[in-house]
Amino acid sequence: ARSLIQQKHYDEAKEILENLTDPKIYQPWWIMRAAYLSLAQIYYIQDEPERAEPLVKKVLDWDDAKESHDKARLLLKKKDKIGKFEIDFY
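Residues numbered from 1 in each chain as written. Predicted model: local features only at pLDDT ≥ 70, side-chain atom pairs only at ≥ 80, totals over all residues. Heavy atoms only, no water.

### With respect to the overall build of the chain
Now for step 1: Within the chain, the secondary structure is distributed over 5 helices and 0 strands.
Now for step 2: Listed N to C, the secondary structure of the chain is α-α-α-α-α in terms of helices and strands.
Now for step 3: The 90 residues of the chain split such that 41% are buried.
Now for step 4: Sequence-distant contacts in the chain: of pairs separated by 6 or more residues, those separated by 24 or more amount to 47%. (Helix = DSSP H or I, 4+ residues; strand = E, 2+ residues; numbered from the N terminus. Buried < 20%, exposed > 50% of the residue type's maximum accessible area, 1.4 Å probe, protein only. Contact = heavy atoms within 4.5 Å.)

### A few points about helix α3 (residues 29-45)
Residues that lie three or four places apart on an α-helix share one face, since the helix turns once every 3.6 residues.
Now for step 1: With 17 residues, α3 should cover 24 Å at 1.5 Å per step; its first-to-last C-alpha distance of 25 Å lies within 8% of that length.
Now for step 2: The element α3 is largely enclosed, with a buried count of 13 among its 17 residues.
Now for step 3: One or two positions beyond α3, positive phi appears at Asp47, with a value near 60°. (Expected span 1.5 Å × (residues − 1).)

### Considering the nonpolar core
Now for step 1: Judged by nonpolar contacts, the single largest core of 21 residues is most densely connected at Val56 and Leu75.
Now for step 2: When residues of this core are traced back to their parent elements, those giving at least two are α1 (2-6), α2 (10-20), α3, α4 (49-61) and α5 (66-78).
Now for step 3: Considering every element that reaches this core, the biggest residue donor is α3, with 9 residues. (Core = buried A, V, L, I, M, F, W, Y, C linked by side-chain atoms within 4.5 Å.)

### Quick word on the environment of Ala52
Now for step 1: The residue Ala52 is located in helix α4 in this model.
Now for step 2: Contact partners of Ala52, with chain neighbours within four places excluded, come to Ala40, Tyr43 and Tyr44.

### A short note on the packing of α3 against α4
Now for step 1: Interaxial distance between α3 and α4 falls to 8 Å at its minimum, and their mutual angle equals 160°. Compared by their axis directions, α3 and α4 come out roughly antiparallel. As for how α3 packs across α4, the hand of that crossing is left-handed. Contacts from Arg33, Tyr36, Leu37, Leu39, Ala40, Tyr43 and Tyr44 of α3 reach α4 at Pro49, Arg51, Ala52, Glu53, Leu55, Val56, Lys58 and Val59.
Now for step 2: Of the residues contributing to the contact of α3 with α4, the split by class is 11 nonpolar, no polar and 4 charged. (Axes fitted to C-alpha atoms, helices over the stretch in contact; angles between N-to-C directions. Parallel < 35°, antiparallel > 145°, perpendicular 65-115°, else oblique. Left-handed = near helix turned anticlockwise from the far one by under 90°. Nonpolar A, V, L, I, M, F, W, Y, C, P; charged D, E, K, R; others polar.)

Laid out in structure tokens, this is it:
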């Protein structure tokens, strides 16, 4: 999904990420943080901040995720102006 975002194939990436964040599917916590922030990035790019901001807030609510918190704050600050690799994951 991150590779698709970098190639500006947002709809394909969004489909993958929405499937990962579906509550019926269990994913490890570190995948969920990356999926939420990546999906939020797409929503910002597609001018849907009302869908992006709750996902960023979920990441910020995790206590043990300083690196993800830094990326979430950067995404909130820059919205759709984020560079290709500024919030790249793992």
